[in-house]
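Here is what each chain is made of, one letter per residue.
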Amino acid sequence: MKSVKISSPDSKRNPDVALAAACGLYCGSCGIYLATQESDTEKLLQYAIVLNQSFNDTLCDGCRAKRKSAHCSKSCPLINCTLNKGIQFCGSCNEHPCKELKEFQSEMPHRVEILESQNRLKEIGIRRWLIEMNGKFVCYWCNAVNSAYDIACRKCEHTPSCDFVAMHMDIIEKHFSKE
């Protein structure tokens, strides 16, 4: 499978704005996004099975990209809400934080910081936020970007994999113990 080249999320000059989700998630740390960019067919097939969608419907280049996982594009009420209201992020809405955003945040550990992310986006802007967020998910030892669920770095196996995991290890482990 061919990987689509996009600008690097850690580029200081031009971070990819497709990686800033309307809800405040950083798509650059999503396992599906990482597997798509790395053409990791095996991992993408695993995601497709878990999400009950086709391989092609699993491919994703970020929330604001043309190609996004059906899991996000079809089940996320926040993307369409922001589009319908003509705003970039939930934090720009007069109803922020709404019931849907609070529920969305509470469902999964990787969403724990989305309300804070909305405030940071307002404070520092999208480009600086992307650089800041990338820094939260980069391994100190090898500079690999990890997901919120990579307890050990997916490249060098250092634990914790990144600052985000170090900060939220308790809720991530609690989530894994429920499975």
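All of these numbers come straight from a predicted model, not from anything done at the bench.

Describing the packing of aromatic side chains
Right, on to step 1. Under the definition given, this model contains four aromatic pairs.
Right, on to step 2. Between phenylalanine 137 and phenylalanine 164, the aromatic rings sit 4.9 Å apart at their centres with planes inclined by 25°, giving stacked as the arrangement. Taken together, the residues phenylalanine 137 in the loop between α8 (126-136) and α9 (163-178) and phenylalanine 164 in helix α9 connect sequence positions 27 residues apart.
Right, on to step 3. Residue phenylalanine 137 is classed as buried on the basis of its relative accessible area of 3%.
Right, on to step 4. Residue phenylalanine 164 is classed as buried on the basis of its relative accessible area, which comes to 1%.
Right, on to step 5. On the numbers, 6.0 Å between centres and 70° between planes, the contact of tyrosine 149 with phenylalanine 176 is edge-to-face. Pair noted here: tyrosine 149 is in the loop between α8 and α9 and phenylalanine 176 is in helix α9, with a separation of 27 residues, a long-range link.

Some words on the confidence of the model for the protein
Right, on to step 1. Overall, the predicted model of the protein reaches an average pLDDT of 89, with 91% of residues at or above 70.
Right, on to step 2. Here residues 1-14 scores under 50 on pLDDT; set against residues more than four positions off or in separate chains, the count is 32 contacts.

Rules of the game
- Residues numbered from 1 in each chain as written.
- Predicted model: local features only at pLDDT ≥ 70, side-chain atom pairs only at ≥ 80, totals over all residues.
- Heavy atoms only, no water.
- Phe/Tyr/Trp six-rings, centres within 6.5 Å; stacked < 30°, edge-to-face > 60°.
- Helix = DSSP H or I, 4+ residues; strand = E, 2+ residues; numbered from the N terminus.
- Buried < 20%, exposed > 50% of the residue type's maximum accessible area, 1.4 Å probe, protein only.
- pLDDT = per-residue confidence, 0-100.
- Contact = heavy atoms within 4.5 Å.

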